[in-house]
Amino acid sequence: MALSVVTSDLTRLALDAIVNAANPTLLGGGGVDGAIHRAAGPGLLEACKALPQVAPGVRCPTGEARITPGFLLPARYVVHTVGPVWKGGHHGEAELLAQCYRSSIALAARHEVRSIAFPAISCGVYGYPPEQAARVAMASLRELLAIHPAMEVQLCCFDERMAAIWRAAL
Ligand code: AR6
């Protein structure tokens with residue numbers, strides 16, 4: 001099946017690309033972002049710094065995506081996307097989260113990526129309720145896989161509790 005849920009450390013996956021749940025600066029942070037920068041080594045930060053700012057301090061607005069090499073990671077590319085901060089659900093969060101999946105897959109496809117893994121974007125520091133995020137992600141990804149049938153997509157959960165929520169949505 002082209003869409004699956006795995007329980008793993010995202011930084012260990014040897015796929016064409018992994019997706020980073022970044023912040024608009026693209027200069028690193030905590031959570032999966034911090035783990036990716038640690039595992040990729042300093043080349044990743046240099047590549048991120050080289051991406052143009054579209055506004056002061058903003059290299060990637062919420063819902064958009066940017067791509068860099070994976071440097072020391074087993075994955076060839078890192079697709080950086082910025083999820084919405086959860087503000088109760090009535091501030092366009094679902095549409096912005098769906099945009100993250102769309103922008104990431106579109107950008108990956110332009111780089112001939114055939115296998116890609118996403119973390120649970122926005123479900124950590126950004127506070128998005130995972131049950132709702134998983135439904136948005138799965139609905140977006142099903143539509144995207146109809147457009148990109150050769151793409152293999154993994155949803156990478158850090159622990160079993162999160163994986164159970166995502167499997168239920170799948
Ligand atoms: N592998 C897979 N999943 C992970 C890993 C890992 N190594 N580490 C954490 N997770 P978060 P967000 C899970 O907070 O909510 C950063 O500081 C984690 O358990 O990483 O989009 C950025 O710079 C959770 O389920 O991302 C931003 O400022 C999921 O990844 C902000 O956090 C996402 O949690 C983005 O917040």
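These remarks concern the structure in this document.

So, how was this worked out
- Residues numbered from 1 in each chain as written.
- Predicted model: local features only at pLDDT ≥ 70, side-chain atom pairs only at ≥ 80, totals over all residues.
- Heavy atoms only, no water.
- Axes fitted to C-alpha atoms, helices over the stretch in contact; angles between N-to-C directions.
- Helix = DSSP H or I, 4+ residues; strand = E, 2+ residues; numbered from the N terminus.
- Parallel < 35°, antiparallel > 145°, perpendicular 65-115°, else oblique.
- Contact = heavy atoms within 4.5 Å.
- Nonpolar A, V, L, I, M, F, W, Y, C, P; charged D, E, K, R; others polar.
- Near = heavy atom within 4 Å.
- Polar contact = N/O pair within 3.5 Å; in protein donor to acceptor, adjacent residues only side chain to side chain.
- Areas by Shrake-Rupley, 256 points an atom, 1.4 Å probe, with all protein chains shown as cover.
- Phe/Tyr/Trp six-rings, centres within 6.5 Å; stacked < 30°, edge-to-face > 60°.
- Salt bridge = Lys/Arg side-chain N within 4 Å of Asp/Glu carboxyl O.
- Buried < 20%, exposed > 50% of the residue type's maximum accessible area, 1.4 Å probe, protein only.
- Pairing = 2+ DSSP bridges.

### Let's talk about the packing of helix 1 (residues 31-40) against helix 2 (residues 42-49)
- Where helix 1 contacts helix 2, the axes come no closer than 5 Å and their chain directions differ by 115°. When the interaxial angle is binned, helix 1 and helix 2 end up roughly perpendicular. Two secondary-structure elements touch here, helix 1 through Ile36, His37 and Ala40 and helix 2 through Pro42, Leu44, Leu45 and Cys48.
- Of the residues assigned to the contact of helix 1 with helix 2, the class counts are six nonpolar, one polar and no charged.

### Some points on the site of the ligand
- As a matter of local geometry, the ligand sits amid 22 residues, with Asn23, Gly30, Val32, Asp33 and Gly124 nearest to it.
- Residue glycine 124 places a main-chain N or O atom 2.8 Å away from an oxygen atom belonging to the ligand.
- Starting from 700 Å² of accessible surface for the ligand in isolation, the protein chains cover 89%.
- Sorting elements by how many residues they give to the shell around the ligand places helix 1 first, with four residues.

### Here's the deal with the packing of aromatic side chains
- In total, this model carries two aromatic pairs according to the counting rule given.
- On the basis of an interplanar angle of 55° and a centroid distance of 4.6 Å, the ring pair of tryptophan 86 and tyrosine 128 is categorised as tilted. Linking tryptophan 86 in the loop between strand 4 (77-81) and helix 3 (93-110) with tyrosine 128 in the loop between strand 5 (115-118) and helix 4 (130-147), this pair joins segments that are 42 residues apart in sequence.
- Considering the side-chain rings of tyrosine 101 and phenylalanine 118, the 4.8 Å spacing of their centres and the 40° angle between planes classify their relative orientation as tilted. Separated by 17 residues along the polypeptide, tyrosine 101 in helix 3 and phenylalanine 118 in strand 5 bring together distant segments of the chain.

### What to know about the pattern of salt bridges
- Under the counting rule described, the total for this entry stands at five salt bridges.
- Between glutamate 95 and arginine 102 there is a salt bridge whose closest N-O contact spans 3.1 Å.
- The class for glutamate 95 is partly exposed, based on a relative accessible area of 43%.
- A salt bridge links arginine 167 to glutamate 160, with the nearest nitrogen and oxygen atoms 3.6 Å apart.
- Residue classification places glutamate 160 among the partly exposed residues on the basis of a relative accessible area of 46%.

### Comments concerning the side chain of histidine 80
- Looking at the secondary structure, you find histidine 80 in strand 4.
- Here histidine 80 falls in the buried class, since its relative accessible area comes to 1%.
- Among the polar contacts listed, one links the side chain of histidine 80 to the side chain of threonine 68, at a separation of 3.0 Å.
- Excluding its chain neighbours within four sequence positions, the residues that come into contact with histidine 80 are Asn20, Ala22, Leu26, Leu44, Cys48, Cys60, Glu64, Ala65, Arg66 and Thr68.

### Here's the deal with the sheet that holds strand 5
- Read from one edge to the other, the open sheet built from six strands follows the order 1-6-5-2-4-3, with strand pairing classed as mixed. Either end of the sheet is taken by a strand with one partner, and the two such strands are strand 1 (3-7) and strand 3 (65-69). Going across the sheet, the axis of each strand differs from the next one's by a mean of 25°, ignoring polarity.
- Judged from the four bridges that link them, strand 5 and strand 6 (residues 152-157) form a sheet pairing that is parallel.

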